Amino acid sequence: MTRILMVCLGNICRSPLAEGILRAKLQSNTSTIKVDSAGTAAYHIGKSPDLRSIAVANKYGIDISHLKARQFKVTDFDAFDVIYAMDTSNFKNIISLARTDKDRSKVKLILNTIVQDENLSVPDPYYGGDQGFEDVYQMLDKACTSILKELF
Ligand code: 4NP
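Per-chain numbering applies: the sequence of each chain, read as written, is numbered from 1 onward. With pLDDT at 70 or above as the cut-off, local features in this predicted model cover only qualifying residues; side-chain atom pairs require 80 or more to be listed or tallied, and sums for whole chains, interfaces and linings still use all residues. No hydrogens and no water enter the side-chain calculation; it runs on all heavy atoms of the structure.

**A word on the packing of aromatic side chains**
Item 1. Pairing of aromatic side chains requires ring centres within 6.5 Å, counting the rings of Phe and Tyr and the six-membered ring of Trp. Pairs whose planes differ by under 30 degrees are stacked, by over 60 edge-to-face, and all others tilted. This structure, assessed with the given rule, holds three aromatic pairs.
Item 2. A centroid spacing of 5.3 Å and a plane angle of 80° characterise the contact between Phe72 and Phe77, whose relative ring orientation is edge-to-face. Residues Phe72 and Phe77 agree in their burial class; the two are buried.
Item 3. Measuring from ring centre to ring centre gives 4.8 Å for Tyr126 and Tyr127, while their planes differ by 80°; the resulting arrangement is edge-to-face.
Item 4. Residue exposure (1.4 Å probe, protein chains only): buried if accessible area is under 20% of the type maximum, exposed if over 50%, otherwise partly exposed. Residue classification places Tyr127 among the exposed residues on the basis of a relative accessible area of 75%.

**Observations concerning the layout of surface pockets**
Item 1. Size it by volume and the largest pocket reaches roughly 160 Å³.
Item 2. Method remark: on a 1 Å grid restricted to protein atoms, a set of points is classed as a cavity if a 1.4 Å probe fits but cannot get out and as a pocket if it is open with protein on both sides within 12 Å along at least five of seven lines; lining residues have an atom within 4 Å of a point. Considering the residues around the largest pocket, the lining is formed by Cys8, Leu9, Gly10, Asn11, Ile12, Cys13, Arg14, Tyr43, His44, Asp124, Tyr126 and Tyr127.
Item 3. The classification used treats Ala, Val, Leu, Ile, Met, Phe, Trp, Tyr, Cys and Pro as nonpolar, Asp, Glu, Lys and Arg as charged, and all other residues, Gly among them, as polar. For the lining of the largest pocket, the residue count by class is seven nonpolar, three polar and two charged. Grid points are joined across faces, edges and corners, and a volume is the space filled by probe spheres set on the points.

**As for the site of the ligand**
Item 1. We call a residue near a given molecule or strand whenever any one of its heavy atoms falls within 4 Å of it. The full set of residues close to the ligand is Cys8, Leu9, Gly10, Asn11, Ile12, Cys13, Arg14, Tyr43, His44, Asp124, Tyr126 and Tyr127.
Item 2. Tyr127 is positioned with one of its side-chain polar atoms (N or O) 3.4 Å from an oxygen atom of the ligand.
Item 3. Here the Shrake-Rupley method, with its probe set to 1.4 Å, supplies the accessible areas, and only the displayed protein chains count as covering residues. Against a free-state accessible area of 360 Å², the protein chains account for coverage of 93% of the ligand.
Item 4. Given that more than half its atoms are within 2 Å of the pocket grid, the ligand belongs to the largest pocket.
Item 5. Looking at the shell around the ligand, its residues break down into seven nonpolar, three polar and two charged. Any pair of N or O atoms that falls within 3.5 Å is considered a polar contact. Within protein, one atom must be able to donate a hydrogen and the other to accept it, and sequence-neighbouring residues count only if both atoms are side-chain atoms. Being in a pocket or cavity means that more than half of the molecule's atoms lie within 2 Å of its grid points.

**Comments concerning unusual backbone geometry**
Item 1. Even without being a glycine, Asp117 presents a positive backbone phi close to 65°.
Item 2. The residue Asn119 is not glycine, and still its phi comes out positive at about 55°.

**Structural notes on the packing of helix 1 (residues 14-26) against helix 6 (residues 130-151)**
Item 1. For helices, the fitted line uses only the C-alpha atoms of the stretch in contact; every axis is such a line through C-alpha atoms, and the angle between N-to-C directions lies from 0 to 180 degrees. Where helices and strands are cited, they refer to DSSP runs of H or I of at least four residues and of E of at least two residues respectively, numbered from the N terminus. At a minimum axis distance of 9 Å, the contact between helix 1 and helix 6 shows a crossing angle of 45°. Viewed along their axes, helix 1 and helix 6 adopt a mutual orientation that is oblique. Where helix 1 crosses over helix 6, the handedness of that crossing is right-handed. Between helix 1 and helix 6, the residues in contact are Arg14, Leu17, Ala18, Ile21, Leu22, Lys25 and Leu26 and Val136, Tyr137, Leu140, Asp141, Cys144, Thr145, Ile147, Leu148 and Leu151, respectively.
Item 2. The residue inventory of the contact of helix 1 with helix 6, partitioned by class, reads twelve nonpolar, one polar and three charged. When an angle is under 35 degrees it counts as roughly parallel; over 145 it counts as roughly antiparallel; between 65 and 115 it counts as roughly perpendicular; any other value is oblique. Whether a crossing is left-handed or right-handed is set by the direction in which the near helix is turned from the far one by less than a right angle, anticlockwise for left-handed and clockwise for right-handed. Whether two residues are in contact is decided by their heavy atoms: any pair within 4.5 Å suffices.

**Notes on the environment of Ser121**
Item 1. Relative to the helices and strands, Ser121 is located in the loop between strand 4 (107-109) and helix 6.
Item 2. Looking at Ser121, the relative accessible area reads 30%, which means it is partly exposed.
Item 3. In this structure the C-alpha to C-alpha distance between Ser121 and Ser89, which are 32 residues apart in sequence, comes to 8.7 Å.
Item 4. In this structure, Ser121 is in contact with Met86, Asp87, Thr88 and Leu111, ignoring residues within four places of it in sequence.
Item 5. Among the polar contacts made by the side chain of Ser121, one reaches the main-chain amide nitrogen of Thr88 at a distance of 3.1 Å.

Treat this as a map of the structure, not an account of what it does.
Structural data, given as structure tokens:
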């Protein structure tokens, strides 16, 4: 069982999309791979994904409307094997909570799965328009294809 956690700031825009996209690509392999998402901030705990994330996922046949936001917690370092941060700020916030080198080794920037070592960020689409959500979807779709290739 490989356990993967997607993390952004609010857990309502980027990381629920990443969770939904990766889960859709896994299809029948969900018994060997666990996927979840969380936010570093507490603002949106318990809330559904942003309507614009739900809409762009729907456009590509993925339903994320049932997901509920939760905050990243230190025990997530024990519960997951790989923690993908959406941007460099999320990355730093997660690393600041790490207790050990093992914890730190689990944290990766998700776009490094497409372009290694460039440390690019998935832009925060919250204050922008619909095109931002489409762009985020396309980046995460590419990243999840790379993650899938690494898994199998
Ligand atoms: P996310 O986007 O981190 O991709 O879920 C955001 C959602 C909410 C806020 C910022 C980013 N906010 O400031 O409330």
